Amino acid sequence: MARVAREMVERAGINVDELVELLVKNAAAELTTYYYYTILRVNLIGLEGEGLKQIAEAARIEDRNHFEALVPRIYELGGKLPDDMKAFHDMSACPPANLPADPTDVKAMLKVLVEAERCAVRGYTHICNLTAGKDHRTYQLAAAILNEEIEHESWFSEFLGEGPSGHFMREGGVTSPFVSRYLP
Amino acid sequence: MRRFTREELRQYDGREGRPSYVACNGRVYDVSDSFLWRDGVHQVTHRAGTDLTEALRIAPHGEELLERFPVVGVIVDSA
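Note that the structure is predicted; figures quoted are calculated from it, not measured.

What counts as what
- Residues numbered from 1 in each chain as written.
- Chains lettered and ligands numbered in written order.
- Predicted model: local features only at pLDDT ≥ 70, side-chain atom pairs only at ≥ 80, totals over all residues.
- Helix = DSSP H or I, 4+ residues; strand = E, 2+ residues; numbered from the N terminus.
- Buried ≥ 20, exposed ≤ 12 C-beta atoms within 10 Å, placed from the backbone.
- Contact = placed C-beta atoms within 7 Å.
- Pairing = 2+ DSSP bridges.
- pLDDT = per-residue confidence, 0-100.
- Nonpolar A, V, L, I, M, F, W, Y, C, P; charged D, E, K, R; others polar.
- Axes fitted to C-alpha atoms, helices over the stretch in contact; angles between N-to-C directions.
- Parallel < 35°, antiparallel > 145°, perpendicular 65-115°, else oblique.
- Left-handed = near helix turned anticlockwise from the far one by under 90°.
- Expected span 1.5 Å × (residues − 1).
- Bend = angle between axes of the 7 residues up to and from the residue.
- Core = buried A, V, L, I, M, F, W, Y, C linked by C-beta atoms within 7 Å.

Colleague: Requested: an account of the overall build of chain B, with residues and values cited.
Modeller: Within chain B, the secondary structure is distributed over 2 helices and 6 strands. Sequence-ordered secondary structure for chain B, helices as α and strands as β, is β-α-β-β-β-β-α-β. By principal-axis analysis of the C-alpha atoms, chain B measures approximately 30 × 30 × 20 Å. Scored against the burial criterion, the 79 residues of chain B give a buried share of 23%. Excluding contacts between residues fewer than 6 apart, the proportion of contacts in chain B whose partners are at least 24 apart in sequence is 66%.

Spelled out as structure tokens, the structure:
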């Protein structure tokens, strides 16, 4: 634990135990989403599905990166990950991104993906709102993750016909343009 | 439509198997079936059995997400 760093956050008026719980729940959401996106990705097949596979893969890898980036901050603030993986799964801040009943229904797949990203966007906005001007390190980390979650949402939203995302998909195997500097 | 005082609303806190009800802008919603309200807690900082009207003003979403859940009553200031 970074004792003084935690103390600074407490003195700024943040309930650090609640913040740590939020970070753990969001770390659980990231790792479980990484798992569920693995299943979604392998089922994105055929003429329509193949067009989405690479973009779902980018979101999957970046969600795993978000988990990796959150863990050091949890421990710095005196928190820990649960010993039990099942308990960790069950405390996720977002619902499971389950494979739709008909895995060949690409629109249903996209709805699962976009809802997962929207849950994340709301969650990190909440953390940014709580920490802005008070816990600079958590704020910067949450804002970096939020930037990527917003991009994921806009990618899937574009495929659902809700309008252009405004940017290109990741190229050249590069992932996490915002979060990579927080990775261990 | 059932009328809830704030005291009555507090009993629906989602703990020990009790339903999770929350109020917003005078309406009382049953969020018991929501994944995001397990055990009567939402995003660590919000509790079932309370009026969330003020909290929603600075939340990352509006009442539209609550509108996905059944309205079970209205808030009254006294019984």
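Next, the rest of the story.
Colleague: Explain the pairing of strand β6 (residues 71-75) of chain B to me, using residue names and the numbers behind them.
Modeller: Residue and element names in this part refer to chain B. Looking at chain direction, strand β1 (residues 2-4) and β6 are connected through 3 bridges and run parallel. In the sheet register, R2 faces β6, and the bridge partner there is G73. Note that strand β3 (residues 27-30) and β6 share 3 bridges and pair antiparallel. Following the sheet pairing, R27 is matched in β6 by V74.

Colleague: So what about the confidence of the model for chain B? Which residues, and what values?
Modeller: Residue and element names in this part refer to chain B. Per-residue confidence for chain B gives a mean pLDDT of 94; residues scoring 70 or more make up 97%. Per-element mean pLDDT across chain B ranges from 93 in helix α2 (residues 53-57) up to 98 in β3. As a predicted assembly, this complex carries a pTM of 0.92 together with an ipTM value of 0.83.

Colleague: Explain the interface of chain A and chain B to me, and be specific about the residues and the numbers.
Modeller: At the junction of the two partners, chain A supplies 10 residues and chain B supplies 7 residues. At the level of elements, α2 (16-43) and α5 (106-131) of chain A are the ones that each hand at least two residues to the side of chain A that touches chain B. When residues in the side of chain A that touches chain B are grouped by element, the largest group, 5 residues, is from α5 of chain A. Of the residues contributing to the side of chain A that touches chain B, the split by class is 2 nonpolar, 4 polar and 4 charged.

Colleague: Describe the packing of α2 of chain A against α5 of chain A, and please don't skip the residues or the numbers.
Modeller: Residues and elements named next belong to chain A. Look at α2 against α5: their axes get within 11 Å of each other, and the N-to-C directions meet at 165 degrees. In this view, α2 runs roughly antiparallel relative to α5, as classed from their interaxial angle. Crossing handedness for the pair α2 and α5: left-handed. On the side of α2, the interface is formed by L19, L22, N26, A29, T33 and L40, while α5 contributes M109, V112, L113, A116, A120, G123, I127 and L130. Residues belonging to the contact of α2 with α5 are distributed by class as follows: 11 nonpolar, 3 polar and no charged.

Colleague: Describe unusual backbone geometry, naming the residues involved and giving the relevant values.
Modeller: Positive phi outside glycine occurs at S176 of chain A, with the angle close to 50 degrees. Along the chain, S176 of chain A turns up in the segment after α6 (136-159). A residue is classified by how many C-beta atoms lie within 10 Å of it, and S176 of chain A, with 23 of them, is buried. Of note, the phi angle at E16 of chain B is positive, near 50 degrees, even though the residue is not glycine.

Colleague: Give a detailed account of the packing of α2 of chain A against helix α3 (residues 46-76) of chain A, specifying residues and quantitative values.
Modeller: Residue and element names in this part refer to chain A. Taken N-terminus to C-terminus, the directions of α2 and α3 make an angle of 155 degrees; their axes are 8 Å apart at the nearest point. Compared by their axis directions, α2 and α3 come out roughly antiparallel. Between α2 and α3 lies a crossing of left-handed hand. Grouping the constituent residues of the contact of α2 with α3 by class yields 14 nonpolar, 4 polar and 8 charged.

Colleague: Could you give an account of α3 of chain A, naming the residues involved and the relevant values?
Modeller: Between its first and last C-alpha, α3 of chain A extends 45 Å over 31 residues, near the 45 Å set by a 1.5 Å rise per residue. K53 of chain A marks the point of greatest bend in α3 of chain A, at about 35 degrees.

Colleague: Run through the sheet that holds strand β2 (residues 21-24) of chain B, naming residues and quoting values.
Modeller: Residue and element names in this part refer to chain B. Spatially, 4 strands are ordered β1-β6-β3-β2 in an open sheet, and the strand pairing comes out mixed. Looking at which strands have only one partner, the edges of the open sheet turn out to be β1 and β2. When strand polarity is set aside, the average angle formed by the axes of neighbouring strands in this sheet is 35 degrees.

Colleague: Which residues make up the environment of V31 of chain B, and what values go with them?
Modeller: Tracing the sequence through the fold places V31 of chain B in the loop between β3 and β4 (41-42). If near-sequence neighbours (up to four positions away) are discounted, V31 of chain B is found in contact with S20, V22, W37, A48 and F69 of chain B.

Colleague: Which residues make up the nonpolar core, and what are the values?
Modeller: Soluble, globular proteins show a tendency: their nonpolar side chains are buried together. Residues L23, A27, L40, A56, I74, L113 and I145 of chain A are the most contacted members of the largest nonpolar core, which totals 47 residues. Secondary structure elements with two or more residues in this core: α2, α3, α5 and α6 of chain A. In terms of residue count, α2 of chain A provides more of this core than any other element does, 12 residues in total. Residues in contact with I145 of chain A, not counting those within four places in the same chain, are H66, A69, Y124 and V179 of chain A. By size, the runner-up hydrophobic cluster in this structure holds 11 residues, among which are Y21, A23, Y29 and W37 of chain B.

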